[in-house]
Amino acid sequence: MIGKGQLVMKIFDNITDIVRDDLKDTIQRSSKVSIAAACFSMYAYKELKSQLEQIEEFRFIFTSPTFVQERAEKQRREFYIPRLRRETSLYGTEFEIKLRNGELEAMK
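On a predicted model such as this, the values are computed, not experimentally measured, just so you know. Throughout, residues of each chain are indexed from 1 in the direction in which the sequence is written. Only residues with pLDDT of 70 or above have their local features reported here, since the model is predicted, and side-chain atom pairs are shown and tallied only from 80 upward, although totals for entire chains, interfaces and linings are computed over all residues. Note that water and hydrogens are dropped before the side-chain values are worked out from all heavy atoms of the structure.

(A) Spotlight on the environment of Asp22. A run of DSSP states H or I qualifies as a helix once it reaches four residues; a run of E qualifies as a strand once it reaches two. Both are numbered from the N-terminal end. By the element assignment, Asp22 lies in helix 1 (residues 19-26). Distance from Asp22 to Lys10, taken between C-alpha atoms, is 9.8 Å for residues 12 residues apart in sequence.

(B) Broad picture of the pairing of strand 3 (residues 32-37). At least two DSSP bridges between two strands are needed for those strands to be called paired. Direction of pairing for strand 3 relative to strand 4 (residues 57-62): parallel, over a ladder of six bridges. Counted as the bridge partner of Ala37 is Phe62 from strand 4. The parallel pair strand 3 and strand 4, bridged by helix 2 (residues 42-52), forms a crossover whose chirality is right-handed. Crossover handedness is defined by viewing with both strands directed away from the observer: a clockwise path from the first strand over the helix to the second marks the crossover as right-handed.

(C) Local environment of the pattern of salt bridges. Salt bridges are defined by distance alone: a side-chain nitrogen of Lys or Arg within 4 Å of a carboxyl oxygen of Asp or Glu. Summed over all chains, the structure comprises three salt bridges. One salt bridge in this structure joins Lys24 and Glu47, with 3.9 Å as the shortest N-O distance. Linking Lys24 in helix 1 with Glu47 in helix 2, this pair joins segments that are 23 residues apart in sequence. As a salt-bridge pair, Lys32 and Glu56 come within 3.9 Å of each other at their nearest N and O atoms. Of this pair, Lys32 sits in strand 3 while Glu56 sits in the loop between helix 2 and strand 4, and the two are 24 residues apart along the sequence. For Lys32, a relative accessible area of 33% corresponds to the partly exposed category. Relative accessibility thresholds used throughout: buried, under 20% of the residue-type maximum; exposed, over 50%; partly exposed, between the two (1.4 Å probe, protein chains only). Look at Glu56 and you get exposed, because its relative accessible area is 54%.

(D) Region of the structure containing unusual backbone geometry. At Ser30, a position not held by glycine, the phi torsion is positive, near 70°. Residue placement: Ser30 occurs in the loop between helix 1 and strand 3. Here Ser30 falls in the partly exposed class, since its relative accessible area comes to 45%.

(E) Region of interest: the packing of aromatic side chains. Classification of ring pairs uses Phe, Tyr and Trp, with its six-membered ring standing for Trp, and accepts pairs whose centres are within 6.5 Å; under 30 degrees between planes counts as stacked, over 60 as edge-to-face, and the remaining range as tilted. By the definition in use, this model includes one aromatic pair. Arranged with centres 4.8 Å apart and planes meeting at 70°, the rings of Phe60 and Phe62 form a pair that is edge-to-face.

See below:
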């Protein structure tokens, strides 16, 4: 952040040092603000709207490729489902099959 002709640089973890709180305290009318971060949400803007509307200049530098689509190579994936397990799941568990077979024999 630049304020009154001086450069003040800070690193925030957003746990003990909250960016929003510092910006609210630091930003003054006609300030020039530069921020380097991975993102700046509409919720952050809402929290700082009154301060940001008074500044002279605001620069935001994205530290990660936010708007770049990665062209990662697709990987072919294969899954093996054992036949025995697949078939028993269609008919029920081993106990259910024995139970049904016993009921069918009793009905004869």
